[in-house]
Amino acid sequence: MAKEKTIYTCNECGGTSPKWLGKCPHCNAWNTLIESVAESAAPAKNRFAALAKTAEITALADIEATDVDRTPTGQDELDRVLGGGIVEGGVVLIGGDPGIGKSTLLLQALDALQRAGQKTLYVTGEESGAQVALRARRLGLDGSQVQVLAEIQLEKILATLETHQPAIAVIDSIQTVYSEQLTSAPGSVAQVRECAAHLTRAAKASGTAIVLVGHVTKEGALAGPRVLEHMVDTVLYFEGDTHSSFRLIRAIKNRFGAVNEIGVFAMTEKGLKGVTNPSAIFLSQHAEPVPGSCVMVTLEGTRPMLVEIQALVDSGGPSPRRLSVGLERDRLAMLLAVLHRHAGVACMDQDVFVNAVGGVRITEPAADLAVMLAITSSLRGKPLPKGFIAFGEVGLAGEVRPAPRGQERLKEAAKLGFSVAVVPKANAPKKAIEGLTIHPVERVDEAMEVVRSLT
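What you see is a predicted model, and the numbers here were worked out from it, not measured in a lab. (Residues numbered from 1 in each chain as written. Predicted model: local features only at pLDDT ≥ 70, side-chain atom pairs only at ≥ 80, totals over all residues. Heavy atoms only, no water.)

Draft legend 1. Seen up close, the overall build of the protein. Tallying secondary structure elements over the protein gives 10 helices and 23 strands in all. The dimensions of the protein, computed from C-alpha atoms along their principal axes, are 80 × 55 × 55 Å. Per-residue burial for the protein yields a buried fraction of 47% across its 455 residues. Partitioning the intrachain contacts of the protein with sequence separation of at least 6 by distance along the chain shows that 66% fall at a separation of at least 24. Summed over all atoms, the accessible surface of the protein reaches about 22900 Å², with 52% contributed by carbon and sulfur. With 47 positive and 50 negative side-chain charges, the protein shows a spacing of 2 Å between the two charge centroids. (Helix = DSSP H or I, 4+ residues; strand = E, 2+ residues; numbered from the N terminus. Buried < 20%, exposed > 50% of the residue type's maximum accessible area, 1.4 Å probe, protein only. Contact = heavy atoms within 4.5 Å. Areas by Shrake-Rupley, 256 points an atom, 1.4 Å probe, with all protein chains shown as cover. Lys, Arg positive; Asp, Glu negative; His and termini not counted. Charge placed at Lys NZ, Arg CZ, Asp CG, Glu CD.)

Draft legend 2. Just the packing of helix α7 (residues 329–343) against helix α8 (residues 368–380), in detail. Two numbers describe how α7 lies on α8: the axes approach to 10 Å, and their chain directions differ by 65 degrees. Considering how the two elements wind past one another, α7 and α8 form a crossing that is right-handed. Counting all contacts with α7, which are made through Arg 331, Leu 332, Leu 335, Leu 336, Val 338 and Leu 339, the residues of α8 involved are Asp 368, Val 371, Met 372, Ile 375 and Thr 376. Taken together, the residues of the contact of α7 with α8 sort by class into 8 nonpolar, 1 polar and 2 charged. (Axes fitted to C-alpha atoms, helices over the stretch in contact; angles between N-to-C directions. Left-handed = near helix turned anticlockwise from the far one by under 90°. Nonpolar A, V, L, I, M, F, W, Y, C, P; charged D, E, K, R; others polar.)

Draft legend 3. Looking closely at the packing of aromatic side chains. Taken as a whole, this structure holds 0 aromatic pairs when the rule is applied. Between Arg 409 and the ring centre of Phe 391, over which it is positioned, the NZ or CZ distance is 5.5 Å. (Phe/Tyr/Trp six-rings, centres within 6.5 Å; stacked < 30°, edge-to-face > 60°. Lys NZ or Arg CZ within 6 Å of the ring centre and 35° of its normal.)

Draft legend 4. Quick peek at the environment of Ala 130. Tracing the chain through its elements places Ala 130 in helix α3 (residues 129–138). Considering only alpha carbons, one finds Ala 130 and Ala 403, 273 residues apart in sequence, at a separation of 51 Å.

Draft legend 5. Layout of the pattern of salt bridges. One pass over the full model with this rule turns up 17 salt bridges. Lys 204 is the partner of Asp 233 in a salt bridge, and the nearest nitrogen-oxygen pair spans 2.5 Å. With Asp 233 in the loop between α6 (227–231) and β11 (234–239) and Lys 204 in helix α5 (residues 189–206), the pair connects residues that are 29 residues apart, well separated along the chain. For Asp 445, the salt bridge goes to Arg 443, with nearest N and O atoms at 4.0 Å. Owing to a relative accessible area of 34%, Asp 445 belongs among the partly exposed residues under this scheme. Taking relative accessible area as the criterion, Arg 443 reaches 31% and is therefore assigned partly exposed. (Salt bridge = Lys/Arg side-chain N within 4 Å of Asp/Glu carboxyl O.)

Draft legend 6. Just helix α10 (residues 444–454), in detail. Among the residues of α10, those classed as buried are Val 444, Ala 447, Met 448, Val 450 and Val 451. Buried positions in α10, seen along its axis, are confined to an arc of 160 degrees and lie on one side of it. (Arc of directions from axis to C-beta.)

Draft legend 7. Region of interest: helix α9 (residues 406–415). Residues of α9 that are buried include every one of Gly 406, Arg 409, Leu 410, Glu 412 and Ala 413, and no others. Projected down its long axis, α9 shows its buried positions confined to an angular sector of 160 degrees, all on one face. Looking at α9, the residues exposed on the side facing more than 90 degrees away from the buried face are Lys 411 and Lys 415. Against β15 (293–300), β16 (303–315), β19 (388–390), β22 (420–424) and β23 (437–441) lie the buried residues of α9.

Draft legend 8. Geometry of the nonpolar core. The biggest cluster of nonpolar side chains holds 49 residues, and the ones touching the most others in it are Ile 309, Val 354, Ile 362, Leu 373, Ile 375 and Phe 388. Ranked by the residues each element gives to this core, the list is headed by α8, at 7 residues. Each residue touching Ile 309, except ones within four places of it in the same chain, is listed here: Gly 292, Ser 293, Cys 294, Met 296, Leu 327, Val 354, Asn 355, Ala 356, Ile 362, Ala 370, Val 371 and Ala 374. Counting residues in hydrophobic clusters, the runner-up holds 30 residues, among them Val 92, Leu 106, Leu 113 and Val 146. (Core = buried A, V, L, I, M, F, W, Y, C linked by side-chain atoms within 4.5 Å.)

Draft legend 9. Expanded view of the pairing of strand β6 (residues 91–96). Of all 6 residues that make up β6, 6 are buried, and the element is covered over most of its length. Across the two faces of β6 the burial is the same, with Val 91, Leu 93 and Gly 95 and Val 92, Ile 94 and Gly 96 all buried. Bridge count between β6 and β11: 5 bridges; the pairing is parallel. Across the sheet, residue Val 92 finds its bridge partner in β11, namely Thr 234. (Pairing = 2+ DSSP bridges.)

Pasting the structure below:
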């Protein structure tokens, strides 16, 4: 019997090499090549087929297109991230750390859809049917009629989908599914890519919406090749600390809605519950204003949220530390340099620690002004006024640049009872906002002068 030929496949990009290498020649990632059995060169019959008949060239304006119908999942925060609900024939990939609540949320969503008259199917490859039933009883889903299939073979899953034709099916998880057409083990790059391609084709052909649960690597990215993210319509990341009761769902890609939307959940004894006012999570409850604390309004997709930025400046040694949680450390170093050069606030010999309260991660530059004011407040030991907010991007020349959709940010702050705002001049509203005193500034030193006059 001839020896089976082996190849080495990259876990990151799916590229192959005939021999083992320390660095992948395709994506330059280190220690990602794993040995697997090479597939037969003989073509498989009907392995792939077109989803539609061959069409002739048509002008874009002549193509009839209608808005896609959406089915609400019963979880308002999940619907927000999906863009309004589940789309017929859509494929959603959701990833997150183990134990974060992916299976819990999807089981709750399937139960709500089933009670609304939708035909649902839950395919579990990591648990038995009895374990899924026990979880459902813990969540209070008594009498649930969600159909459960404990199976990991792709061909049997596809046959079940074709026979029962559910409106929505959950595959938990894609890393456990394998196809008999391949000889590699479940979870390998080839298996994950092949199974996802077949399930995506089945969803588009039948109109069944499919949700794929994906494992994540220790770096937090979805396991398997990046091509998996390109195949599906929507990619969601489930984030949060397992020691905290709050969870965030973030949309990274969405062909049927806006990206960078965020959904906030609270983990309770009866499962995940949506949080309608997430700003309450990210604001600390201080009886009186404290030094080093500044509230900003950040945008997550279409939702403005108030987040508290805390800074602690303490005397350091010959090599002071700069640490940040929830904010980019490189940007913190840049802001400290701007603060020294253009506002005369020196922290060269001080340790600087910055934290975004509540475990939220802020990536937009509109947090710059709030970070600088929090640092200055901590350094001088003087708290900012009660009901104070600030936002705005700060450039290296010391200018304060506008943040997108400033009107919505200010209205959200006024709605939650904030009374004083320092904002970029370009974000100053033409009409006064009731209950909110706005101080527009153009440069960092102007912002510092305004804050000194208020305190």
